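Residue-level listing of the chains:
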Amino acid sequence: MPQSAERVLDHATLFREPEYREMLARKRDTMECPASTEAVAAQSDHTKTWAYREKNLAREAVSINPAKACQPLGAVFAAAGFEKTMSFVHGSQGCVAYYRSHLSRHFKEPASAVSSSMTEDAAVFGGLNNMIDGLANTYALYGPKMIAVSTTCMAEVIGDDLQSFIENARAKGSIPQEFDVPYAHTPAFVGSHVDGYDVMIKGVLEHFWDGQERSPNDKINIVPGFDGFCVGNNRELKRILDLMGVSYTLIQDASDQFDTPSDGSFRMYAGGTTLADTAAALNAKATVSLQHWCTRKTLDYAAEKGQETASFHYPLGVGATDELVMKIAALAGVDIPAALDLERGRLVDAIADSQAYLHGKTYAIYGDPDFVHAMARFVMETGGEPTHCLATNGTKAWEEEMQALLSSSPFGKGAKVWAGKDLWHLRSLLFTEPVDLLVGNSYGKYVSRDTGTPLIRLTFPIFDRHHHHRFPLIGYQGGLNLLRTVLDVIFDKLDRDGDVAGETDISFDLTR
Amino acid sequence: MSLDHENDAAFNEALIAEVLSAYPDKFAKRRRKHLAVAKPAGADADAAPGEEGHLLSECDVKSNVKSIPGVMTIRGCSYAGSKGVVWGPVKDMVHISHGPVGCGHYSWSQRRNYYSGTTGIDSFVTMQVTSDFQERDIVFGGDKKLAKVIDELEEMFPLSRGISIQSECPIGLIGDDIEAVAKKKGKEIGKTIVPVRCEGFRGVSQSLGHHIANDTIRDWVLDKKDTGFEPGPYDVSVIGDYNIGGDAWASRRLLEDMGLRVIGNWSGDATLAEMERAPLGKLNLIHCYRSMNYICRHMEEKHGVPWMEYNLFGPSQIAASLRKIAKHFGPEIEAKAEAVIASYQPLVDAVVAKYRPRLEGKSVMLYVGGLRSRHVVTAYDDLGMRIVGTGYEFAHNDDYQRTGHYVVPGTLIYDDVTGYELEKFIEGIRPDLVGSGIKEKYPVQKMGIPFRQMHSWDYSGPYHGYDGFAIFARDMDKAINNPVWGLFDPPWKKKDAPVLQAAE
């Protein structure tokens, strides 16, 4: 009997005990009618070949382990970055349970959102009553200052019109006349979560800006984009901007919402861009996006309103941070403070200290388009080679932009860009053209296991490691954290590959 | 059962009145019917339906009706009930999330249905396979794409034994004929293809998805081929055990040790063959009644296979269930069951001796899904803990009837509870532990109340069987007696520190 009260074994070890191994072998042999061991081995080997890779890359219809989510997730995340705002997703209710779970699993924090709980009758007659009743209940129960409405694909397919529904609900007294209810249509069958983020931000801005007179000032708006590291990153960003003495408004800041303290009370709402600041942001001189591919429509809208715009790709590392800092300084008309010179120098110093372990390392990088761009750039900065750059939600235009980035450096020479491909494609790529390191999120752990490529978890979602998102990746200080995360995986692998005493431990070095 | 305490009915009634006061009138009235305090059982307490044993209370709430819009229901949808619960764990089939990318993405690898096998080669549980609908698929229909998806899956995964098509919301709205595609392609590739109409807008919760999934097993899996299986006298199928954290394996050991042959496990770690042969079994053992009673009733009617509910949480129920199951097979199996129970008694005694003193008298509130809101009650009771409130996301009336066998009068009962209600109930009752899901975990913990996820076992498990009971006891102890709960107040603001016990 393997189990005991003294040493309780759970799933991590229990099923390796002989009793369970024998039982599972017996189950397989007598009850499962499995494919033969030989067939499994043969197919397993076949999936590692170029022939399989070609068939895999020729897929046109099925998506296998795609690294993207759907629009409303981005909209719910976006709404979480505004003061006392409740997300209201119009459509089927199961979707909202999924978004909330997804965000909670990553942040290890509460994630609040409501659904209009449409069912079969609403599919036939439309969801107007669900909107009317739903807004009234949300307003009464959860005391929000703003309700941000987005849609599931059910509401989109039947063609519910948010604007008229919301006005109807207002007329019926579900919410006060002046209550703020921005909205965005977020069909799941178009784009991905990064687009949902974009249209919800635009929806919020339209709600506050349309019909208002703009009287320009010297402030800068900054839109961070969909970022699972917002907790660490936004705080770092604000620190840098304060250091520079820039007058700014972060448009959408979920850093406090997804990082509330444990002190005995549950805060449904925390932090976020105030509604007053959001409205006043119309007058800003410029709107700067930290993630171009998350904010295309938002930036167009800001430009329409007469603001200067600029966008970045999730600035990671030295060069990307330099560009951000210089652009902000230029827009705001401030000097870059000496403190940033020091921070920059420290990051460069750290990279120099570790360059021998980084130079020539090959990487596969996947994630959202801006992240992949940023990471490829950082890798090349350290002398690494971003061999495979993959974004399931990357477009043709993204692919071209990536090609331009890669051809700007000798370290990008052999690199390939994979727009629209998924993680089952990536598996084939890593078997046929292996790399040293894989950069992505928790979903990468299957490819990592199958191909033996160490996984560096640096982007949303990270379910199976805790608290990474609390530390910044952007800026010079964030760069140190990023660098250390990469190096830890490199050093851990070196040690793990040489940790059998008397056999493989010749270079089990104390100092590296 | 030592469920001899009583909960404070008057206090709980007041709590209900308080939460309802926050709603607009129309909805206060509707929610009122879903909230109740368990009443003392009536005169016919010993002749109650469902599981055997004395009825302790009556849990009379309205259930299985639409959620109110805008209230933060914790429920999911039909797709979650079919793909997420019933079909997803079948390991040698590829399950297509048919429609846009999100549903399959959020449910990817999240239910911890353990399985043995080589993922992507002969097993496919922890994969997200989707037709990733684009606007053109909505406009022009997705049937052609679906046919192509199936062809490509054959190319990628030739060792799969079949395919299920899990419909997402748009499928039913745009009028696709997935049944026709399934029939045609099934013939072409010579494999089982199951079309499932589990669009998320159908029904009011996960529950209809379970039912629809059961019906598709009936219509597309059973009686479709000669399984070539040689039945034996002690063949049982385990139904409604999803092998979360290995639950079904901890259960299987006990059933095998008492001389039974488990010819299939539905659907955790299941292969298609295990499901196909179930009609040849002697008895269907059903753990999650809510999600799979339909197929048991079908096999009873059509194939004459009787079914029996059982409960493998905690030693009291394990012993009672093993005896009940053994009785069905006669003295030889009964003797073996007694031997199994006896062989584990020292483990049970040691676990209870170690953990009961650390947990005695602690109060628990539960809010889970299909069976655990009642099934785990006695496991807590075995450790000296008492349930002060419980409720279900998607139960039906027969579940609440069965709940009366487990909870005492005065217990707060909440059906399809809203985020607002649950928070207020927990705030009011301040139990020592809450067992619910990921969406509830962090709000509760921030209130300073220990919490365990009771869907995923909070990444632990198994909790079934004797091996699982030891883990269950350890986990509850870890949750309640962790020192972190004493760190909430800064020393300069300190109130009374809770009494903690160091880990042993």
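This is a predicted model, so every value here is computed, not measured. (Residues numbered from 1 in each chain as written. Chains lettered and ligands numbered in written order. Predicted model: local features only at pLDDT ≥ 70, side-chain atom pairs only at ≥ 80, totals over all residues. Heavy atoms only, no water.)

Attention shifts here to the pairing of strand β7 (residues 286-289) of chain A. All names here are of chain A. Side chains Ala286 and Val288 of β7 all project onto a buried face; the interleaved residues Thr287 and Ser289 project onto the opposite face, where all are buried too. When strand β5 (residues 220-223) meets β7, the two strands line up parallel, connected through four bridges. Of the residues in β7, the one forming a bridge with asparagine 221 is threonine 287. Relative to strand β8 (residues 308-311), β7 is paired through four bridges, and the arrangement is parallel. Across the sheet, the residue bridging to alanine 286 is glutamate 308, located in β8. Crossover β7 to β8 through helix α14 (residues 296-304) is right-handed. (Buried < 20%, exposed > 50% of the residue type's maximum accessible area, 1.4 Å probe, protein only. Helix = DSSP H or I, 4+ residues; strand = E, 2+ residues; numbered from the N terminus. Pairing = 2+ DSSP bridges. Right-handed = clockwise from strand over helix to strand, strands pointing away.)

All names here are of chain A. For strand β9 (residues 362-366), a buried count of five out of five residues is recorded, marking the element as mostly surrounded by other parts of the structure. The alternating pattern of β9 places Thr362, Ala364 and Tyr366 on one face and Tyr363 and Ile365 on the opposite face, and all of these are buried. As defined by bridge partners, β9 adjoins strand β10 (residues 385-391) across five bridges and the pair is classed as parallel. Bridging from a neighbouring strand, threonine 362 pairs with glutamate 385 of β10. Handedness of the β-α-β unit built from β9, helix α17 (residues 369-381) and β10 comes out right-handed.

As annotated by UniProt and renumbered to match this structure, "domain: Nitrogenase/oxidoreductase component" (unreviewed entry) occupies residues 70-489 of chain A. Overall, residues 70-489 of chain A shows 48% helix and 13% strand. The separation of its end C-alpha atoms is 31 Å. (UniProt positions renumbered as here; feature names shortened; annotations may be inferred.)

So, on to helix α3 (residues 78-87) of chain B. Of all 10 residues making up α3(B), 10 are buried, and the element is well covered by its neighbours. If you check which residues of α3(B) are buried, you get B:Ser78, B:Tyr79, B:Ala80, B:Gly81, B:Ser82, B:Lys83, B:Gly84, B:Val85, B:Val86 and B:Trp87.

Listed by partner, the interface residues are 103 residues for chain A and 115 residues for chain B. Summing both partners gives a buried area of about 9200 Å² for chain A against chain B, and 62% of it is carried by carbon and sulfur. It is A:Met31, A:Tyr98 and A:Phe189 that lose the most area in chain A upon contact with chain B, and together they represent 8% of the buried surface on that side. Seen at the junction of chain A and chain B, the total is 13 salt bridges. Salt-bridge contacts for A:Arg26 lead to B:Glu256; the nearest nitrogen and oxygen are separated by 2.3 Å. Our count for the chain A to chain B interface comes out at 48 residue pairs in polar contact (both at pLDDT 80 or more). No other element matches helix α6 (residues 93-107) of chain A, which puts 10 residues into the side of chain A that touches chain B. (Contact = heavy atoms within 4.5 Å. Buried area = accessible area lost by both parts, 1.4 Å probe. Salt bridge = Lys/Arg side-chain N within 4 Å of Asp/Glu carboxyl O. Polar contact = N/O pair within 3.5 Å; in protein donor to acceptor, adjacent residues only side chain to side chain.)

Below, the discussion takes up the environment of B:His455. Residues and elements named next belong to chain B. With respect to the helices and strands, histidine 455 occurs in the loop between β16 (451-453) and α20 (465-480). In sequence terms histidine 455 and aspartate 489 are 34 residues apart; their C-alpha atoms lie 30 Å from each other. If sequence neighbours within four positions are ignored, histidine 455 has contacts with Ile244, Tyr367, Val368, Gly369, Arg372, Glu393, Ser436 and Gly437.

Moving on, we come to unusual backbone geometry. In this structure, the amide linkage connecting A:Phe460 to the following residue, A:Pro461, adopts the cis form with an omega of -10°. Among the secondary structure elements, A:Pro461 is positioned in the loop between β13 (455-457) and α21 (475-496). Each neighbour pair has its own omega, and for B:Trp266 with B:Ser267 the value is -10°, a cis peptide bond. If you trace the backbone, B:Ser267 turns up in strand β9 (residues 261-267). Phi at B:Met72 takes a positive value of approximately 65°, unusual for a residue other than glycine. The topology assignment puts B:Met72 in the loop between β3 (57-58) and α3. The exposure class assigned to B:Met72 is buried, which follows from its relative accessible area of 3%.

Bringing the sheet that holds β9(B) into the picture now. All names here are of chain B. Pairing is parallel in the open sheet, where four strands are placed in the order β9-β8-β10-β11. A strand with exactly one partner marks an edge of an open sheet, and here the two such strands are β9 and β11 (307-309). Averaged over neighbouring strand pairs, the angle between their axes works out to 25° when direction is ignored. Relative to strand β10 (residues 283-286), strand β8 (residues 235-241) is paired through four bridges, and the arrangement is parallel. Residue valine 236 lies in a different strand from β10, and its bridge partner there is leucine 283. In the packing of helix α10 (residues 247-257) onto the sheet, contacts are made with β8, β9 and β10, and the angle to β9 comes to roughly 160°. (Axes fitted to C-alpha atoms, helices over the stretch in contact; angles between N-to-C directions.)

Residue and element names in this part refer to chain A. Close contact between helix α5 (residues 71-79) and α6 brings their axes to 10 Å; oriented N to C, the two are set at 60°. Between α5 and α6, the interaxial angle falls into the category oblique. Taken as a pair, α5 and α6 cross one another with a handedness that is right-handed. Residues Pro72, Leu73, Val76 and Phe77 of α5 lie in contact with α6, whose contacting residues are Tyr99, His102, Leu103 and Phe107. (Parallel < 35°, antiparallel > 145°, perpendicular 65-115°, else oblique. Left-handed = near helix turned anticlockwise from the far one by under 90°.)

This part takes up the packing of aromatic side chains. With the rule as written, the count across this model stands at 32 aromatic pairs over all chains. Taking 4.7 Å as the distance between ring centres and 45° as the angle between the ring planes, the aromatic pair formed by A:Phe77 and A:Phe226 counts as tilted. Of the two residues, A:Phe77 is situated in helix α5 and A:Phe226 in the loop between β5 and α12 (230-244); the sequence distance between them amounts to 149 residues. The same class applies to A:Phe77 as to A:Phe226, namely buried. Here B:Trp485 and B:Phe488 contribute two aromatic rings whose centre-to-centre distance is 5.7 Å and whose plane-to-plane angle is 40°, an arrangement assigned as tilted. Judged on exposure class, the residue B:Trp485 and its partner B:Phe488 are both buried. Connected via pairs of aromatic rings, a cluster forms that spans A:Phe77, A:Phe107, A:Tyr197, A:Phe226, A:Phe258 and A:Phe460. (Phe/Tyr/Trp six-rings, centres within 6.5 Å; stacked < 30°, edge-to-face > 60°.)

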